[in-house]
Amino acid sequence: SLKAIAQFRPDRPDFFERGQEQLEQEIDLLHQQLPNSIPVLDVDVDMLQWSAVVLREGEAAVWMPQGITSHETKTVESVDGNVDFDVIATTSSLGRFVVAFSGENDSFADVAPDELLNRVQNRIVGDQTGFGAVDIQTITVNDSPGREFTLQNDDEVISFRVLLVNGQLYVMAVSQPQGEEN
């Protein structure tokens, strides 16, 4: 059996003496030792930091960038009655990230999933005055039906994903200035 042994290696600098310099040297050494065909992960510390957001009542978790976070309940009127959404939003230097979910709603069972998703999509598009829909797709995630669509105007792009999962609606959206979509 092979055992790992920790030992002093005089060919490696002491991190506490030369921290940042050592890290850069080790990365350079790694680049030299790897064949060119293997991609190396470079981390840009100026990029966003992401955090897991757990939606206990929605029984889900999503990754959202760190930033100014808000949490609210929003009631949306629909032809089938009011639908309450729990909404969590994060605003960062790159845009606004939103996740919302509804509680289980008995009226959802009375409507075909495709029709319900069309109604939600039409409501969202109708609420965004001055935006045009540029891409609309029907999707399925883990056997749950959904829609992905993008709205844009001259200044902003908003991408939406709406899913119907076990009688609950989930809405995820990202709003970014025009030309900065990732």
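Just above sits the structure.
Below, the discussion takes up the pairing of strand β6 (residues 132–141). Where β6 and strand β7 (residues 144–152) come together, nine bridges link them in antiparallel fashion. Residue pairing for β7: Val 141 is matched across the bridge by Ser 144.

This part is about the layout of surface pockets. One simple way to see leftover space: roll a probe sized like a water molecule over the atoms. Roughly 780 Å³ of volume is contained in the largest pocket. Mapped by element, the contributors of at least two residues to the lining of the largest pocket are β3 (68–78), β4 (81–92), β5 (95–102), α2 (113–127), β8 (156–165) and β9 (168–177). With six residues, the top contributor of residues to the lining of the largest pocket is α2.

Before going further, it helps to examine the packing of aromatic side chains. Tallied over the full model, the rule gives two aromatic pairs. Between Phe 149 and Phe 160 the ring centres are 5.1 Å apart and the planes differ by 15 degrees, which places this aromatic pair in the stacked class. One end of the pair, Phe 149, is in strand β7; the other, Phe 160, is in strand β8, with eleven residues separating them in the sequence. A residue is classified by how much of its surface remains accessible, and Phe 149, at 1% relative accessible area, is buried.

Looking now at the sheet that holds β3. The strand order across the open sheet formed by seven strands is β3-β4-β5-β9-β8-β7-β6, and the pairing between neighbours is antiparallel. Of all the strands in the sheet, the pair left with one neighbour each is β3 and β6. Shown here is a sheet whose adjacent strand axes are inclined to one another by a mean of 15 degrees, direction ignored. In this sheet, β5 lies alongside β4 in antiparallel orientation, the contact comprising eight bridges. The residue of β5 that forms the bridge with Ile 88 is Val 99. Against the sheet, α2 contacts β3, β6, β7, β8 and β9, and its axis sits at roughly 20 degrees relative to β7.

Of note, Ala 109 is situated in the loop between β5 and α2. With 58 residues separating them in the primary sequence, Ala 109 and Gly 167 have C-alpha atoms 7.1 Å apart.

Here we come to unusual backbone geometry. The residue Asp 143 is not glycine, and still its phi comes out positive at about 70 degrees. Inspection of the secondary structure puts Asp 143 in the loop between β6 and β7. Of the residues examined, Asp 143 reaches a relative accessible area of 76% and is grouped as exposed. The backbone phi angle of Asn 166 is positive, close to 50 degrees, even though this residue is not glycine. Structurally, the position occupied by Asn 166 is in the loop between β8 and β9.

Cut-off values and rules
- For every chain, the first residue of the written sequence is number 1, and numbering continues from 1 along that sequence.
- Selection of residues for local features in this predicted model requires a pLDDT of at least 70, selection of side-chain atom pairs for listing and counting requires 80 or more, and totals for whole chains, interfaces and linings are taken over all residues.
- Each side-chain value is derived from all of the structure's non-hydrogen atoms; neither hydrogens nor water enter the calculation.
- Following DSSP output, two strands are said to pair if at least two bridges run between them.
- The secondary structure listing takes helices from DSSP runs of H or I that are at least 4 residues long and strands from runs of E that are at least 2 residues long, numbered from the N terminus.
- A 1.4 Å probe that fits but cannot get out identifies a cavity on a 1 Å grid over protein atoms alone, an open set with protein on both sides within 12 Å along at least five of seven lines counts as a pocket, and a residue lines either if it has an atom within 4 Å of a point.
- Grid points are joined across faces, edges and corners, and a volume is the space filled by probe spheres set on the points.
- Ring pairs shown here join Phe, Tyr and Trp side chains whose ring centres sit within 6.5 Å, with only the six-membered ring taken for Trp; geometry is labelled stacked below 30 degrees between planes, edge-to-face above 60, and tilted in between.
- Burial classes: relative accessible area under 20% of the type maximum marks a residue as buried, over 50% as exposed, and values in between as partly exposed (1.4 Å probe, protein chains only).
- Interaxial angles span 0 to 180 degrees and are taken between N-to-C directions of axes, which are lines fitted to C-alpha atoms, for helices over the stretch in contact.
- Pairs of residues are marked as contacts when any of their non-hydrogen atoms sit within 4.5 Å.

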